[in-house]
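Structural description and commentary
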Amino acid sequence: MARIFVEGWSPEYGAPLDAAELAPAEGTVDDGVEGVDWAPLDGHDDGCARIAFVDGVRRIDARLTVDDQLAGPIPGLCGTLAIGAVLWDRAAVRSEVANERVQRWAVLAGGRAERFPVVDLTPPYETMAIATRDGDALVHALQSTMRAAEAALATSLAADRCVFADGPLHELGPHEVVGVVKSHRVTYLDAPRNAVIAALDAGQRTPLFAIKDYGRYSWYVRLARVEDGHAWSGLVRCEASAHLPLATVRTIADRAAALLPLVASQPHMDPRAPQNLVPIGALERDLRHRMGDPGLVYRALRAAVAERRAS
Amino acid sequence: MSDDQVGRVLGSEHTSTATFRVVVDDDQFLQLDDLVVVRTEVPKVGEVRTYGVVTEAEAIYEGARYESDTHRIAELGIMPAQKVRSATVAVTRVDPEIWVSADPGEPVERATGDERSRALYTDQMERPLPVGLGRDGAPVHIDLDFFDGRKGGHMSIAGISGVATKTSFALFFLRVLTASPEVVGEGAANLRVLVFNVKGEDLLWLDKPNARFAVADDAAEGWAAIGVAPAPFPSVRFWAPPRRGIADLVPDTGGRLEGIDVFAWTPREFVDLGLLEFCFTDANDAKNQLPFIRERVQQQLQRFAVDVEGRPGAIALRDPRDQPDGRWHGPIPAGQAGPIVTDLPSLVAELETILDPDDGEPDTAWTGRVQLSTVSAFLRRLHAASSRLGHLVRAGDSTRIDRDAANVTVVAIQSLHEQAQRFVVGALLKETFQHKEATGQRLPLSVIVLDELNKYAPREGTSPLKDMLIDIAQRGRSLGVLLVGAQQSASRVAPEVLENASIRITGRLDAAEAERAEYGWMLPSTRARARLLKPGTMVVSQPAVPVPLVVTFPFPPWATRREEVAADGEDPFAGL
């Protein structure tokens, strides 16, 4: 009989693994790319001194409706996103938040050509239209914009830093960017391999496996042995671009296994511990702060729309 | 951006008309007692300047949520955070008086020069007298109008003993006062100061240069900033009681004998000045009928006392009933005098034969029908007084303290029994007060410095001495009699005396003492600091400035003990 566990994450964040979607993605995974025995590998810190963690946050400021007399009501939304990085200077033992950018978007469904009125906020709202009339697609558009901005920042930082980006890789160029995936929706490996994942100790990784259809290498890293945790707790899945040479990917995989446990969060401090890394958590708080007070933003939106109606 | 800018008014919490906080610029700092100014543009009014004094300085990692985040930020470096230093400012002044709070985000500047004077109201003081140095090394003033009786009077100094700050500060203040005739103005030359030396012999060297002055840190600079030449007191006379058991008048002091005059009262003076009341200064003596019989005896003594030919200062007690108008005129021959009163024991002996005669009833003219037990109690106290302060009353030429002999009169009472100390203090205060009452003039000023005020005007009980100190506190202001009272704990002193002091000074306080209501004029932050003040640092409160200010005062150029006295020919002030 398998045991039952209570997940460590706060329930509002979902679970680190979503059983319904944990369907094996057979045929797309090559677990032999590294050419080593399938057994836990110790991480190795190669001394990379300049590290960056990249992340973004978004918020829906308001839902919009375009009242078209003929086409009927058309949904839209106003959203704010913020991206940025924590630069960890290991030599100076200092971290700082840098490269923050805030964007505000009015997203209209149905390919509408209306422009959202000028709102008295910095930065102002830009308008984009998407073809579908699906409400979920609006959020998705905002999300994609954010992911693209994150990826662009990660790519630019990768020129002279080791970059860890939150979430799966969005851009698969030959840049030394590691995507750190906190939750596990898919089991990529077969049963014996999954046993190796269960055997990982903190600071160890699995051998690399290639997810061919998506052009990336991946590996699992155990951040911490969670007390009373199940085999998959305290685990993240990392990604690197398949456009990088294998030797480079092995180096950064070893580095990730060695470094990520150092910045893992504590359960009493972060509802998504240990996977939500300390710099990422701090960055998200900072970015949310920079998006501006939601009440004030909402008020400014209504004022701008009311002004246009009056004029 | 101004050179004086140190930061900006914090905007993440409310500012008020009483206080605001400053976020300090990265390349600046603010420390306690620093003075700052903020300019706020007020609609319909224009620029309003808010002046304030720093009462607390703070720092935090912004972004740290848990205490252990400090390790992640400073030790591991894995967490981003911003070090933020801030300061809390207590508003001292708003100019013009439009009581609005400082705007958030406005630049905060250090108040220097004219702005500093405005922050401390010095520009509004008609007669600013330095009372110490601020943290910036520049003088902090009090408005002399609030000390010398024009708008207020008296000074109260509190602080734990042992760090000698109370007396040192009082002397520093006196030195500045006596050396600032241009501030004191009319009557400055005749200013009279009466100081009681109650402990050690610290005050017996005021006229001697201090050999350690030259090596004391910042001493010369401090006096230069105050604007007073560092020198011993130029005009000072020392008085000490006579040594017991010696017929000659030798001052009862240990370290210094030369230059000290001996004081005592003759029996004639004792009677004329009504000093008998100061033999009953214990707060318990006011119970029963003792004050009644004491007053009776005092009146009778003045009627009965007659001078004796050839015996200066001595008296005899003879009934004046047979005299032409019932009073004695001129001395009588020694042969007719009967027992002659030459000192306190002989006076007590005489009184005993009158009040408690071996044969028959006492004369009710003296006792006023009080119970015999009261008479006994009265005599018992007189005997006690006689043994404790008997040596202060002796016949001979008058050796009363001459308060006009110098600006500063130091009376050394440290060697006396507590009862004798109260006697001397009472006698001299009465003399001073009566003199001023008689002239009715406020000028020249008469300043009285009295340490251990709680002994003379205790909170509980009543005594002639306490009554007189209360009288001085309440009426002395208009008569130019100014009390500089010092005590370890204000809570043990009669509230009437404290409440009338316009200028309040506090040195280091006992932690429990600092929480008492008597120190309600201090800000909470000042109270907390009062436990930690170093010698030479005082908190000053005055009516003209709404917040207490912390000042330091420079090392004294006069010696405070024998070892400090500079040898002859050695000039510690050379080169100043």
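Residues numbered from 1 in each chain as written. Chains lettered and ligands numbered in written order. Predicted model: local features only at pLDDT ≥ 70, side-chain atom pairs only at ≥ 80, totals over all residues. Heavy atoms only, no water.

1. A word on the overall build of chain B
Scanning chain B for helices and strands turns up 17 helices and 21 strands. When its C-alpha atoms are laid out on the principal axes, chain B stretches across 100 × 55 × 50 Å. Counting only residues that meet the buried cut, chain B has 54% of its 576 residues in that class. Considering only contacts within chain B whose residues lie at least 6 apart along the sequence, 72% involve residues at least 24 apart. Approximately 24,400 Å² of chain B is accessible, and the part contributed by carbon and sulfur atoms is 47%. (Helix = DSSP H or I, 4+ residues; strand = E, 2+ residues; numbered from the N terminus. Buried < 20%, exposed > 50% of the residue type's maximum accessible area, 1.4 Å probe, protein only. Contact = heavy atoms within 4.5 Å. Areas by Shrake-Rupley, 256 points an atom, 1.4 Å probe, with all protein chains shown as cover.)

2. As for helix H3 (residues 165-178) of chain B
All names here are of chain B. Along its 14 residues, H3 runs 20 Å from first to last C-alpha, staying within 8% of the 20 Å computed at 1.5 Å per residue. Most of H3 sits out of view: 11 of its 14 residues are buried. Of all the residues in H3, the buried ones are Thr 165, Lys 166, Phe 169, Ala 170, Leu 171, Phe 172, Phe 173, Leu 174, Arg 175, Val 176 and Leu 177. (Expected span 1.5 Å × (residues − 1).)

3. Quick notes on the pattern of salt bridges
Residues and elements named next belong to chain B. In this structure the tally under the stated criterion is 66 salt bridges over all chains. Taking the shortest distance from any N to any O, the salt bridge between Glu 115 and Arg 49 comes out at 2.9 Å. Taken together, the residues span a long stretch of sequence, with Glu 115 in helix H2 (residues 114-119) and Arg 49 in strand E4 (residues 46-62) at a distance of 66 residues. With relative accessibility at 12%, the residue Glu 115 sits in the buried group. One network of salt bridges, in which partners are shared, links Arg 39, Glu 47, Arg 49, Asp 95, Glu 109, Glu 115 and Arg 118. (Salt bridge = Lys/Arg side-chain N within 4 Å of Asp/Glu carboxyl O.)

4. Points about the packing of aromatic side chains
Any aromatic ring pair is given by two values, namely how distant the centres are and how the planes are angled relative to each other. Applying the stated criterion to the full structure yields 18 aromatic pairs over all chains. Arranged with centres 6.4 Å apart and planes meeting at 25°, the rings of Phe53(A) and Trp88(A) form a pair that is stacked. Placement of the pair is Phe53(A) in strand E3 (residues 50-68) and Trp88(A) in strand E4 (residues 72-89), with a sequence separation of 35 residues. Of the residues examined, Trp88(A) reaches a relative accessible area of 5% and is grouped as buried. Ring geometry for Phe53(A) and Phe164(A): centres 5.6 Å apart, planes at 20°, overall stacked. Here the residue Phe53(A) occupies a position in strand E3, and Phe164(A) occupies one in strand E7 (residues 162-166), the gap between them amounting to 111 residues. Each member of the pair, Phe53(A) together with Phe164(A), is buried. One aromatic cluster is present, built from ring pairs that chain together Phe169(B), Phe172(B), Trp223(B), Phe233(B), Phe553(B) and Trp558(B). Sitting over the ring of Trp88(A), Arg90(A) keeps its end group 5.5 Å from the ring centre. In this structure, Arg175(B) packs its charged tip against the face of Phe233(B), placed 5.6 Å from the ring centre. (Phe/Tyr/Trp six-rings, centres within 6.5 Å; stacked < 30°, edge-to-face > 60°. Lys NZ or Arg CZ within 6 Å of the ring centre and 35° of its normal.)

5. Here we look at the pairing of strand E16 (residues 408-412) of chain B
Residue and element names in this part refer to chain B. Burial within E16 is extensive, with five of its five residues counted as buried. Burial of the side chains of E16 extends over both faces: Val 408, Val 410 and Ala 412 are buried on one face and Thr 409 and Val 411 on the other. Examined bridge by bridge, strand E10 (residues 192-197) and E16 share five bridges and lie parallel to one another. Counterpart to Val 195 in the pairing with E16 is Val 410. Inspection of the sheet shows strand E11 (residues 236-240) paired to E16 by four bridges, in the parallel sense. Residue pairing for E16: Val 236 is matched across the bridge by Val 408. (Pairing = 2+ DSSP bridges.)

6. Some remarks on the sheet that holds strand E5 (residues 82-95) of chain B
If you trace the six strands once around the closed barrel, you get E1-E2-E5-E4-E3-E6 (chain B), paired in antiparallel fashion. Strand-to-strand twist of the sheet, defined as the mean angle between neighbouring strand axes without regard to direction, takes the value 40°. (Axes fitted to C-alpha atoms, helices over the stretch in contact; angles between N-to-C directions.)

7. Topic: the packing of helix H11 (residues 372-389) of chain B against helix H12 (residues 418-439) of chain B
All names here are of chain B. For the pair H11 and H12, the least separation of the axes is 8 Å and the interaxial angle reads 85°. By the criterion of interaxial angle, the relationship of H11 to H12 is roughly perpendicular. Where H11 abuts H12, its residues Ala 384, Ala 385, Arg 388 and Leu 389 lie against Gln 419, Ala 420 and Phe 423. (Parallel < 35°, antiparallel > 145°, perpendicular 65-115°, else oblique.)

8. Overview of the packing of H12(B) against helix H14 (residues 464-479) of chain B
Residue and element names in this part refer to chain B. Between H12 and H14, the shortest axis-to-axis distance is 11 Å and the interhelical angle comes to 30°. In this view, H12 runs roughly parallel relative to H14, as classed from their interaxial angle. Relative to H14, H12 is oriented so that their crossing is left-handed. Facing Arg 422, Val 425, Gly 426, Leu 429, Lys 430, Phe 433, Lys 436 and Glu 437 of H12, the residues of H14 in contact are Leu 465, Met 468, Leu 469, Asp 471, Ile 472, Arg 475, Gly 476 and Leu 479. For the contact of H12 with H14, the per-class residue count stands at eight nonpolar, two polar and six charged. (Left-handed = near helix turned anticlockwise from the far one by under 90°. Nonpolar A, V, L, I, M, F, W, Y, C, P; charged D, E, K, R; others polar.)

9. Some thoughts on the sheet that holds strand E14 (residues 311-317) of chain B
Pairing between the strands of a sheet comes from backbone hydrogen bonds, and it takes one of two forms, parallel or antiparallel. All names here are of chain B. Across the sheet, which stays open at both edges, the three strands sit in the order E13-E14-E15 with antiparallel pairing between neighbours. Edge positions in the open sheet fall to strand E13 (305-308) and strand E15 (340-341), since each of these has one partner strand only. The sheet contact formed by E13 and E14 spans four bridges and is antiparallel. Paired with Val 308 across the two strands is Arg 311, which belongs to E14.

10. Observations concerning empty space enclosed by the protein
Counted according to the given criterion, the structure contains five cavities of 30 Å³ or more. Approximately 140 Å³ is the volume attributed to the largest cavity. Among the secondary structure elements, those contributing two or more residues to the lining of the largest cavity are helix H1 (135-157) and E7 of chain A. Take the lining of the largest cavity: its biggest share by element is five residues, from H1(A). Grouping the constituent residues of the lining of the largest cavity by class yields seven nonpolar, five polar and four charged. The space that makes up the second largest cavity amounts to roughly 110 Å³. Looking at the second largest cavity, it is lined by 14 residues, and the ones nearest its centre are Ser265(A), Met269(A), Asp270(A), Val278(A) and Arg65(B). When residues in the lining of the second largest cavity are grouped by element, the largest group, four residues, is from helix H4 (residues 278-290) of chain A. Of the residues assigned to the lining of the second largest cavity, the class counts are five nonpolar, four polar and five charged. (1 Å grid on protein atoms, 1.4 Å probe; cavity = no way out; pocket = protein on both sides within 12 Å on 5 of 7 lines; lining within 4 Å. Points joined across faces, edges and corners; volume = space filled by probe spheres on them.)

11. Some remarks on the layout of surface pockets
All names here are of chain B. Computed from the structure, the second largest pocket encloses a volume of approximately 760 Å³. Around the second largest pocket, the lining comprises 28 residues; the ones closest to its centre are Gly 536, Phe 553, Pro 554, Phe 555 and Pro 556. If you list the elements that add at least two residues to the lining of the second largest pocket, you get H3 and helix H5 (219-226). The leading source of residues in the lining of the second largest pocket is H3, at five residues. By residue class, the composition of the lining of the second largest pocket is 14 nonpolar, seven polar and seven charged.

12. Topic: the environment of Val196(A)
Residue and element names in this part refer to chain A. Among the structural elements, Val 196 can be located in helix H2 (residues 191-199). Counting along the chain gives 164 residues from Val 196 to Gly 32, while the straight-line C-alpha distance between them is 14 Å. Those residues in contact with Val 196 that sit more than four places away from it in its chain are Trp 38, Ala 39 and Pro 40.

13. So, the interface of chain B and chain A
Chain B puts 15 residues into the contact, and the matching count from chain A is 16 residues. Contact between chain B and chain A buries roughly 1,200 Å² in total, counting both sides, with carbon and sulfur atoms accounting for 57%. Of all residues in chain B, Arg65(B), Ile78(B) and Pro80(B) bury the most surface against chain A, accounting for 45% of the area lost on that side. Taken together, the connections running from chain B to chain A amount to three residue pairs in polar contact (both at pLDDT 80 or more). Its residues placed into classes, the side of chain B that touches chain A shows eight nonpolar, three polar and four charged. (Buried area = accessible area lost by both parts, 1.4 Å probe. Polar contact = N/O pair within 3.5 Å; in protein donor to acceptor, adjacent residues only side chain to side chain.)

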